[in-house]
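Residue-level listing of the chains:
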Amino acid sequence: RTALQTVLQADGEREWLLATEKALADEELEEEAAGISLNEVYERLEALDSDAAESNAATILAGLGFDKEMMQQRTRDFSGGWR
């Protein structure tokens, strides 16, 4: 995982919503079993401003001193102090 992916994946609710969205859209999961409708998933993603998540994560990393190259670097490639 890259540093940017790590920050994005830290948002557990967004990750769950995206996985549920995919499962519902691909008909791998029924709404009743999921406990949420596809429309509710879309509404919650919109309320979370999910489309801006990557930009927000990049802003957080930039504030911590990460440049664009570092954001795309795999976390395991960082020295111990950066991890």
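Keep in mind the model is a prediction, meaning the values are calculated, not measured.

(A) View of the environment of glutamate 21. For glutamate 21, the position within the fold is in helix H2 (residues 12-25). Among residues more than four places away in sequence, those in contact with glutamate 21 are Leu38, Val41, Tyr42 and Leu45.

(B) Spatial organisation of the nonpolar core. One finds Ala3, Leu4, Leu8, Ala53, Ala57, Leu61, Phe66, Met70, Met71 and Phe78 forming the largest nonpolar core, which totals ten residues. What methionine 71 contacts, discounting residues up to four positions off in sequence, is Thr2, Ala3, Leu4, Ala58, Leu61, Ala62 and Phe66. In terms of nonpolar packing, the next biggest core, distinct from the first, is built from seven residues, Leu17, Leu24, Ile36 and Leu45 among them.

(C) Seen up close, the packing of H2 against helix H4 (residues 38-47). Where H2 contacts H4, the axes come no closer than 10 Å and their chain directions differ by 150 degrees. Read as a crossing pair, H2 and H4 show a hand that is left-handed. Together, Glu13, Arg14, Leu17, Leu18, Thr20, Glu21, Leu24 and Ala25 of H2 and Leu38, Val41, Tyr42, Arg44 and Leu45 of H4 make up the contact between the two elements. Of the residues contributing to the contact of H2 with H4, the split by class is eight nonpolar, one polar and four charged.

(D) Highlighting the side chain of threonine 20. By the element assignment, threonine 20 lies in helix H2. Ignoring any residue separated from it by four or fewer positions in sequence, one finds threonine 20 in contact with Ala34, Ile36 and Val41.

(E) Molecular detail of a negative patch on the surface. On the surface, Glu31, Glu40, Glu43, Glu46, Asp49 and Asp51 cluster together into a negatively charged patch. The element best represented in the negative patch is H4, accounting for three residues. Among the secondary structure elements, glutamate 31 is positioned in helix H3 (residues 31-34). By relative accessible area, which is 41% here, glutamate 31 ends up partly exposed.

Thresholds, definitions, all that
- Residues numbered from 1 in each chain as written.
- Predicted model: local features only at pLDDT ≥ 70, side-chain atom pairs only at ≥ 80, totals over all residues.
- Heavy atoms only, no water.
- Helix = DSSP H or I, 4+ residues; strand = E, 2+ residues; numbered from the N terminus.
- Contact = heavy atoms within 4.5 Å.
- Core = buried A, V, L, I, M, F, W, Y, C linked by side-chain atoms within 4.5 Å.
- Buried < 20%, exposed > 50% of the residue type's maximum accessible area, 1.4 Å probe, protein only.
- Axes fitted to C-alpha atoms, helices over the stretch in contact; angles between N-to-C directions.
- Left-handed = near helix turned anticlockwise from the far one by under 90°.
- Nonpolar A, V, L, I, M, F, W, Y, C, P; charged D, E, K, R; others polar.
- Patch = residues over 30% accessible without salt bridge, like charges linked within 9 Å, V, L, I, M, F, W, Y side chains within 5 Å.
- Areas by Shrake-Rupley, 256 points an atom, 1.4 Å probe, with all protein chains shown as cover.
- Salt bridge = Lys/Arg side-chain N within 4 Å of Asp/Glu carboxyl O.
- Lys, Arg positive; Asp, Glu negative; His and termini not counted.
- Charge placed at Lys NZ, Arg CZ, Asp CG, Glu CD.

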